[in-house]
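Overview (structure and organization)
Take a look at the letters that make up each chain.
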Amino acid sequence: MSAADTPKRSMRTPLGRVRNLGAAHSGTSDFWRQRITGVALTLLMIPGLVIIMMLLGRNQVYAAQTLSSIPVAVILLLFILASAWHMKIGMQVVIEDYVHNEKLKLTAVMLNNFFSFAVALASTYAILKLASGV
Amino acid sequence: MTARIERPLSPHIQVYRWTLTMVLSIVHRATGIALYVGTLLLVWWLVAAASGPAAYAHVQAFAGSIIGRLIVFGYTWALMHHMLSGIRHFVWDLGYGFKPNEREALTWAALIGGIALTVLVWIVAYAMGGGR
């Protein structure tokens, strides 16, 4: 490989170019998404806490009415989706660090996907049901 | 299959002197795992709200019990700590705060800030929800 192949300001090493996306075959996309969802959750924390505070000690009728308002529903949907994505990536890192048996690892990663997706979908369904007023 | 090559291994955690950043790195993971499981509470709450008054009353009875309050208090701390500890990671991601005194200060800030925010959230919660 000649020096001309590598742009001068690139951080990419020749070895990195050969290995391309690495062992996970997905590059740094999970790392980046972990940061996006982390920043999103930090920003959503105050509105999220305000919603919880509004509903403390209130009954289901009041809660259902509050949760069906568009800003509240959108904030909660964003919070749930960012949480599910963030925790799915985080748990996968933990699994990949500590589970060394390949079959067990793949099973754990798969269950992690199922759990995170189920959390996201159940919550989303509940919020949309409240928002539609059915 | 090729024969396993015996390579020298790097020393494992038990040979190192424990440092604050090391402990808090583990705490960051532990709180993350706790929050992962704790999302079940969030799901239960939202599904109950969508299901009706009886289901919602169950959630309120649980959250109001001693065990429930302890769990939600722990969940609040895990959330606040993980958030501040995560902000500390964002600072490091941007390339700041790597000097020994800086990383110690950031880590203490996450630890103390997490406890302080938890107490603050609960004071506000009792002030607002207590009278209802």
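An account of the accompanying structure is given in this report. (Residues numbered from 1 in each chain as written. Chains lettered and ligands numbered in written order. Predicted model: local features only at pLDDT ≥ 70, side-chain atom pairs only at ≥ 80, totals over all residues.)

Comments concerning the overall build of chain B
A count of helices and strands for chain B gives four helices and zero strands. Listing every helix and strand of chain B by position from the N terminus yields α-α-α-α. Taken over the C-alpha trace, chain B has a radius of gyration of 21 Å; the compact-globule value for 132 residues is 14 Å, which it surpasses by more than 25%. When the backbone C-alpha atoms are referred to their principal axes, chain B occupies close to 65 × 45 × 25 Å. The proportion of buried residues among the 132 residues of chain B is 22%. A separation of at least 24 residues holds for 69% of the contacts in chain B among residues at least 6 apart in sequence. (Helix = DSSP H or I, 4+ residues; strand = E, 2+ residues; numbered from the N terminus. Rg over C-alpha atoms; globule rule 2.2 N^0.38 Å. Buried ≥ 20, exposed ≤ 12 C-beta atoms within 10 Å, placed from the backbone. Contact = placed C-beta atoms within 7 Å.)

What about the nonpolar core?
Grouped together as the largest cluster of nonpolar side chains are 38 residues, with contacts concentrated most on A:L67, A:L130, B:L46 and B:A49. Contributions of two or more residues to this core are made by α2 (29–55), α3 (60–67), α4 (70–98) and α5 (102–132) of chain A together with α1 (20–51), α2 (53–64), α3 (66–93) and α4 (100–129) of chain B. The contact partners of A:L130, leaving out residues within four places of it in the chain, are A:A64, A:L67, A:S68, B:A49 and B:A50. (Core = buried A, V, L, I, M, F, W, Y, C linked by C-beta atoms within 7 Å.)

Quick notes on the interface of chain A and chain B
Contact with chain A, which involves 26 residues of that partner, is made by 25 residues of chain B. Looking at the side of chain A that touches chain B, the elements that each hand over two or more residues are α2, α3, α4 and α5 of chain A. Tallied by class, residues from the side of chain A that touches chain B come to 15 nonpolar, eight polar and three charged. (Nonpolar A, V, L, I, M, F, W, Y, C, P; charged D, E, K, R; others polar.)

What to know about the environment of A:K103
All names here are of chain A. Inspection of the secondary structure puts K103 in helix α5. On the basis of neighbour counts, which here come to 8 C-beta atoms within 10 Å, the residue K103 falls in the exposed class. Along the backbone, K103 and V119 are 16 residues apart, and their C-alpha atoms lie at a distance of 24 Å.

A word on α5(A)
One full turn of an α-helix is made of 3.6 residues, so residues set three or four places apart face in the same direction. Between its terminal C-alpha atoms α5(A) stretches 44 Å, which fits the 45 Å expected from 31 residues at 1.5 Å a residue. Of all the positions in α5(A), only A:S116, A:V119, A:A120, A:S123, A:A126, A:I127 and A:L130 are classed as buried. In this structure, the buried side of α5(A) is in contact with α3 and α4 of chain A together with α1 of chain B. The positive-phi residue at the C-terminal boundary of α5(A) is A:G133, with phi of around 70 degrees. (Expected span 1.5 Å × (residues − 1).)

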